[in-house]
Amino acid sequence: SFQGISVTSEARRVGLCGSEKAYERYLGLLVYSQRCYEVFGVVRSSAMRRTGLHRPYNGAEKVFLAELALLGRFAEIDEMLFYSRWHDQRFSANASAIAQALHMNPSAPRRFAWPRQIRSSWGYLAAIGQLPLTAAERLQCLAVFGRYLLQLGKWQRVLREAITGRGTTALLPERTSECGDSSPLWTVAERPFLSFADGVKESGSAAVESGDKSPHSKEEINA
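Residues numbered from 1 in each chain as written. Predicted model: local features only at pLDDT ≥ 70, side-chain atom pairs only at ≥ 80, totals over all residues. Heavy atoms only, no water.

Description of the side chain of N58
Then, number 1: Note on placement: N58 falls in the loop between helix 3 (45–48) and helix 4 (60–71).
Then, number 2: A polar atom in the side chain of N58 sits 3.2 Å from the side chain of Q100.
Then, number 3: The residues touching N58, leaving out its near neighbours within four places in the chain, are F91, Q100, M104 and R116. (Helix = DSSP H or I, 4+ residues; strand = E, 2+ residues; numbered from the N terminus. Polar contact = N/O pair within 3.5 Å; in protein donor to acceptor, adjacent residues only side chain to side chain. Contact = heavy atoms within 4.5 Å.)

Dropping the structure here:
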């Protein structure tokens, strides 16, 4: 695995995010979605309007995805549609937490950056109370949120980053024998990711508003 991502964890993420149960989709996002590539998928505008969208802070994309996960299922198309381009100017290649915070919000403090997990964790919790869930579903999601908070290794890293001022970075190794075309990293980096759907055809194709149009149609892309 690389940075906590493996073929096994990806299979787990895809399965959970496509579940009929809200708390399982919430678990898939909070615990198993490491790179948040789902944000590049096709999303129904009707679903987006029910969220807080992408807020102006680092980590807000995962809060947005968690809200979508509570609203309905994700579906992955069995077709190569997205490549993650790794380069030196990429946001996650920036080693400064302050620079990353300013990238998201130019009015953010310039002397100190609070760990992004503090604000995003509040967003995950707030979503449980703000979105239409039954009482039982809220309790199940709260249990998932508790599991997320109990990732002790994660918070040790957060503390180190806060002390050193280091941003959340992701460096891609060279394609060597340690990370060749068949490694879990490249399997993850060069695969299609998820699109939001309330219902998914049994064929596995992404469901769009009409149920028949191509997911690349101009109407859906501009929605």
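Description of the packing of helix 2 (residues 22–32) against helix 7 (residues 135–149)
Then, number 1: Here helix 2 crosses helix 7 at 15°, and the two axes come no closer than 9 Å. By the angle between their axes, helix 2 is roughly parallel relative to helix 7. The interaxial crossing formed by helix 2 with helix 7 has right-handed handedness. Facing A22, Y23, Y26, L27, L30 and Y32 of helix 2, the residues of helix 7 in contact are E137, Q140, C141, V144, F145, R147 and Y148. (Axes fitted to C-alpha atoms, helices over the stretch in contact; angles between N-to-C directions. Parallel < 35°, antiparallel > 145°, perpendicular 65-115°, else oblique. Left-handed = near helix turned anticlockwise from the far one by under 90°.)

What about helix 1 (residues 7–17)?
Then, number 1: For helix 1, the full list of buried residues reads S9, E10, R13, L16 and C17. Seen from one end, helix 1 has its buried residues packed into an arc of 130°, which puts them on one side. (Buried < 20%, exposed > 50% of the residue type's maximum accessible area, 1.4 Å probe, protein only. Arc of directions from axis to C-beta.)

Looking at a nonpolar patch on the surface
Then, number 1: A contiguous nonpolar patch, built from F112, W114 and I118 and spanning about 380 Å² of accessible area, is present on the exposed surface.
Then, number 2: Looking at the secondary structure, you find I118 in helix 6 (residues 116–130). (Patch = residues over 30% accessible without salt bridge, like charges linked within 9 Å, V, L, I, M, F, W, Y side chains within 5 Å. Areas by Shrake-Rupley, 256 points an atom, 1.4 Å probe, with all protein chains shown as cover. Salt bridge = Lys/Arg side-chain N within 4 Å of Asp/Glu carboxyl O.)

Re helix 6
Then, number 1: The terminal C-alpha atoms of helix 6 lie 21 Å apart, and with 15 residues this matches the ideal 21 Å at 1.5 Å per residue to within 8%.
Then, number 2: Of the residues making up helix 6, those classed as buried are Q117, S120, S121, G123, Y124, A126, A127 and I128. (Expected span 1.5 Å × (residues − 1).)

Brief notes about the confidence of the model for the chain
Then, number 1: Looking at the chain as a whole, the pLDDT averages 76, with 74% of positions reaching at least 70.
Then, number 2: In the model, residues 175–223 has pLDDT below 50 throughout and makes 109 contacts with residues more than four positions away in sequence or in other chains. (pLDDT = per-residue confidence, 0-100.)

Here's the deal with unusual backbone geometry
Then, number 1: Even without a glycine there, the phi angle at C36 is positive, about 60°.
Then, number 2: Relative to the elements of secondary structure, C36 occurs in the loop between helix 2 and helix 3.
Then, number 3: Classification of C36 by relative accessible area gives buried; the value is 6%.
Then, number 4: The backbone phi angle of L53 is positive, close to 60°, even though this residue is not glycine.
Then, number 5: Classification of L53 by relative accessible area gives partly exposed; the value is 42%.

Examining the pattern of salt bridges
Then, number 1: Overall, the coordinates contain five salt bridges when judged by the stated rule.
Then, number 2: With a closest N to O distance of 2.9 Å, E10 and R13 form a salt bridge. Of this pair, E10 and R13 are both found in helix 1, three residues apart, which corresponds to roughly one turn of the helix. No difference in accessibility class separates E10 from R13, as the two residues are buried.
Then, number 3: Its salt-bridge partner being R13, residue E38 comes within 3.0 Å of it at the nearest N-O pair. You can see E38 sitting in the loop between helix 2 and helix 3 and its partner R13 sitting in helix 1, a full 25 residues away along the chain.

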